[in-house]
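Single-letter residue listing:
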Amino acid sequence: MKIVLDIGGSIVASPAPNVPYIKGLAELLIELRREGHRVMVVVGGGRLARDYVAAARELEASEDYCDEVGIGATRMNAMLLIAALGEHAMKALRKNTLGAAKAKKILVMGGTKPRQTTDAVSAQLAWRTHADLLVVATNVDGVYDSDPRVDPKAKKLPRVTPQQLVKLVSTKEYRAGSTAVVDPVAARIIERNRIKTIVLDGRRLENIRAAVSGGEHGGTVVG
Ligand code: UTP
């Protein structure tokens, strides 16, 4: 299978880089590659992005500039995963999704351009490479009918249509450093291109493994 993994910065580096997790993730990705899967990973900025975006905003930078700062953070985290993957990863950090389909080794990248998050990069990468599966690994265990981090009555949805997903996330106004389970740009790309997507709790690596092998991942299937 051709798999795009969208890994939240909140998992790999919040507040500080989680080295044991990054090592474990790298081992899983190498194992998937050995099994014959093609793996591409987009890493989020997590706490580093949020802190730096907040500082840039305090310094009265424009929203686009704040986004560039956030992109820098995502790339720092991506570089840590490249370090953990060693010879299994393409050494150079990709700055965009062009030519990704030709990558033989594990491709790792961060953000690409303002006004979106790494979710959108992942969806774009999945679309461009005709991936079989997009796994959105985040710090909540799926898509809820409202934000479970603020609403105690939020209900998890085991399955949503791409249209439902778009509707659920589109109410959020875009702002650099903002959080929704999947960003609205990504949701629209998923919908338009019918990308098979699973949103799951990536803090447990076995969920990611299960999503790839067709097992019980405990997340939300978009489709
Ligand atoms: P993230 O993708 O990390 O966003 O990008 P997030 O929603 O905070 O996700 P988690 O917490 O890592 O799971 C961080 C910030 O970097 C900028 C945006 O400002 C975003 O909020 N960014 C990222 C871009 O502008 N473009 C990109 O392609 C990626």
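Cut-offs applied
- Residues numbered from 1 in each chain as written.
- Predicted model: local features only at pLDDT ≥ 70, side-chain atom pairs only at ≥ 80, totals over all residues.
- Heavy atoms only, no water.
- Helix = DSSP H or I, 4+ residues; strand = E, 2+ residues; numbered from the N terminus.
- Rg over C-alpha atoms; globule rule 2.2 N^0.38 Å.
- Buried < 20%, exposed > 50% of the residue type's maximum accessible area, 1.4 Å probe, protein only.
- Contact = heavy atoms within 4.5 Å.
- Areas by Shrake-Rupley, 256 points an atom, 1.4 Å probe, with all protein chains shown as cover.
- Lys, Arg positive; Asp, Glu negative; His and termini not counted.
- Charge placed at Lys NZ, Arg CZ, Asp CG, Glu CD.
- Pairing = 2+ DSSP bridges.
- Salt bridge = Lys/Arg side-chain N within 4 Å of Asp/Glu carboxyl O.
- Core = buried A, V, L, I, M, F, W, Y, C linked by side-chain atoms within 4.5 Å.
- Expected span 1.5 Å × (residues − 1).
- Arc of directions from axis to C-beta.
- Axes fitted to C-alpha atoms, helices over the stretch in contact; angles between N-to-C directions.
- Parallel < 35°, antiparallel > 145°, perpendicular 65-115°, else oblique.
- Left-handed = near helix turned anticlockwise from the far one by under 90°.
- Nonpolar A, V, L, I, M, F, W, Y, C, P; charged D, E, K, R; others polar.

> Is there a simple way to explain the overall build of the protein in this structure?
Regarding its fold elements, the protein presents eight helices and nine strands. Scaling as 2.2 N^0.38, a compact globule of 223 residues should have a C-alpha radius of gyration of about 17 Å, and the protein matches this with 16 Å. Expressed along its principal axes, the backbone C-alpha trace of the protein runs to roughly 45 × 35 × 30 Å. The buried share of the protein, reckoned over its 223 residues, is 50%. Of the contacts formed within the protein by residues at least 6 apart in sequence, a portion of 70% connects residues at least 24 apart. By element, 54% of the accessible surface of the protein is carried by carbon and sulfur atoms, the whole surface being about 10900 Å². A gap of 6 Å separates the mean positions of the 33 positive and 24 negative side-chain charges of the protein.

> Could you clarify how one ought to interpret the sheet that holds strand β2 (residues 38–43) in this entry?
In any sheet, the strands associate via hydrogen bonds between backbone groups, in a parallel or an antiparallel arrangement. Pairing in this open sheet of seven strands is mixed, and the strands run β3-β2-β1-β4-β8-β9-β7 from one edge to the other. Edge positions in the sheet fall to β3 (107–109) and β7 (159–160), since each of these pairs with one other strand and no more.

> It is not clear to me how the pattern of salt bridges should be interpreted in this structure. Could you clarify?
It is possible for side chains of opposite charge to pair when their charged atoms get near one another. In the structure shown here, the tally under the stated rule is eight salt bridges. Note that arginine 209 and glutamate 35 form a salt bridge whose closest N and O atoms lie 2.6 Å from each other. Taken as a pair, arginine 209 in helix α8 (residues 205–213) and glutamate 35 in the loop between α2 (19–34) and β2 lie far apart in primary sequence, 174 residues in all. The closest approach of N and O atoms between glutamate 206 and arginine 204, which form a salt bridge, is 3.0 Å. Overall, the relative accessible area of 44% leaves glutamate 206 in the partly exposed class.

> What's the story with the nonpolar core in this structure? I'm lost.
General note: in soluble globular proteins, nonpolar side chains tend to be found buried as a group. Leu5, Ile7, Leu29, Val41, Leu81, Leu85 and Ile208 are the most contacted members of the largest nonpolar core, which totals 34 residues. Looking at this core, the elements with two or more residues in it are β1 (2–7), α1 (9–12), α2, β2, α4 (63–85), β4 (133–138), β8 (197–201) and α8. In terms of residue count, the dominant contributor to this core is α2 (eight residues). Apart from the residues within four sequence positions on either side, leucine 5 is in contact with Leu25, Leu29, Met40, Val41, Val42, Val135, Ala137 and Ile208.

> Could you clarify how one ought to interpret helix α3 (residues 46–58) in this entry?
The terminal C-alpha atoms of α3, which comprises 13 residues, lie 19 Å apart, in line with the 18 Å expected from a rise of 1.5 Å per residue. For α3, every residue scored as buried is listed here: Gly46, Ala49, Val53 and Ala56. Take α3 and look down its axis: the buried residues cluster within an arc of 85°, on one side only. Buried positions along α3 lie against α1 and α4. Where α3 terminates, the next one or two residues include glutamate 60, which has phi positive at roughly 65°.

> Explanation requested: the environment of alanine 131 in the structure shown.
Along the polypeptide, alanine 131 turns up in the loop between α5 (118–128) and β4. Its relative accessible area of 16% is what places alanine 131 among the buried residues. Sequence separation between alanine 131 and leucine 107 is 24 residues; the distance between their C-alpha atoms is 13 Å. Every residue in contact with alanine 131, bar those within four places of it in the chain, is listed here: Lys2, Val4 and Ala126.

> Before we go on, may I ask you to explain the packing of α2 against α8 in this structure?
Angle between the axes and distance between the axes: these two values describe a pair of packed helices. Interaxial distance between α2 and α8 falls to 10 Å at its minimum, and their mutual angle equals 20°. Taken together, α2 and α8 sit at an angle that is classed as roughly parallel. The crossing of α2 and α8 is right-handed. Taken together, the residues of α8 that come into contact with α2 (itself represented by Tyr21, Gly24, Leu25, Leu28, Glu31 and Leu32) are Leu205, Ile208, Arg209 and Val212. Of the residues contributing to the contact of α2 with α8, the split by class is seven nonpolar, one polar and two charged.

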